[in-house]
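Here's the letter readout for the chains.
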Amino acid sequence: SQQGEEDPQALSIQEGENATMNCSYKTSINNLQWYRQNSGRGLVHLILIRSNEREKHSGRLRVTLDTSKKSSSLLITASRAADTASYFCATVSDYKLSFGAGTTVTVRA
Amino acid sequence: GAGVSQSPSNKVTEKGKDVELRCDPISGHTALYWYRQSLGQGLEFLIYFQGNSAPDKSGLPSDRFSAERTGGSVSTLTIQRTQQEDSAVYLCASSMTGRGTEAFFGQGTRLTVV
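Residues numbered from 1 in each chain as written. Chains lettered and ligands numbered in written order. Predicted model: local features only at pLDDT ≥ 70, side-chain atom pairs only at ≥ 80, totals over all residues. Heavy atoms only, no water.

(A) How the structure looks around the overall build of chain A. A tally of helices and strands in chain A yields 0 helices and 11 strands. Reading the helices (α) and strands (β) of chain A from amino to carboxyl end gives β-β-β-β-β-β-β-β-β-β-β. Here the C-alpha radius of gyration of chain A, 13 Å, is about what a compact globule of 109 residues would show, namely 13 Å. Taking the principal axes of the C-alpha coordinates as reference, chain A spans close to 40 × 25 × 20 Å. Counting only residues that meet the buried cut, chain A has 47% of its 109 residues in that class. Contacts spanning at least 24 positions in sequence make up 53% of the contacts within chain A whose residues lie at least 6 apart. Element-wise, carbon and sulfur atoms account for 45% of the exposed surface of chain A, whose accessible area totals about 5100 Å². (Helix = DSSP H or I, 4+ residues; strand = E, 2+ residues; numbered from the N terminus. Rg over C-alpha atoms; globule rule 2.2 N^0.38 Å. Buried < 20%, exposed > 50% of the residue type's maximum accessible area, 1.4 Å probe, protein only. Contact = heavy atoms within 4.5 Å. Areas by Shrake-Rupley, 256 points an atom, 1.4 Å probe, with all protein chains shown as cover.)

(B) Layout of the pairing of strand 6 (residues 55–58) of chain A. Residues and elements named next belong to chain A. Summarising the sheet, strand 6 and strand 7 (residues 61–66) pair through 4 bridges and their orientation is antiparallel. Residue pairing in the sheet places Glu55 in a bridge with Thr64 of strand 7. Linkage of strand 6 to strand 7, two consecutive antiparallel strands, is achieved through a turn of 2 residues, within which Gly59 is found at a positive phi near 60°. (Pairing = 2+ DSSP bridges.)

See below:
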């Protein structure tokens, strides 16, 4: 079953702008992860945030986690055409990795 | 190996035939996942293997689906008597321990049932 729900479903931005997407989930988690998928094939891990962390950075990525609201956000700063992809949040409860439906991001040159 | 390897990359089969999809995880990874992704959709969990423990098969959609993992390494997902609704991309992932660690995905097998 899908645990995370991403919002918005699709996002179109100009190169250089920031992209923000949100993820809400229902049950308690061990950690939350974000993945990127290009062209409908394999997913690539971007960042992991533990349940006791509130914010994490990795390069141009910033992830926040609010366990009281059961939500997370992913911010991509200074977007590039190569950031065009689908982004998925995945919640981890015990061992199970459950994915949402994803946000499709299009970065226009 | 260098990454998770799945074969074949693409498979077209006739309705009613059986298919086998293969996944070679990263060496040393004890956890292995299978997911299914229909066009434009999220990932649907199918099955999880962890070491020598009994697999979690709770996501298998019907008894036509089965999977095994031999020697704690290579896994095969078998779909019997394929139906058109089985058409999807089947993704395999492995992780070091499976306990919330990063998952590494293969490129998937695109299955088309005609």
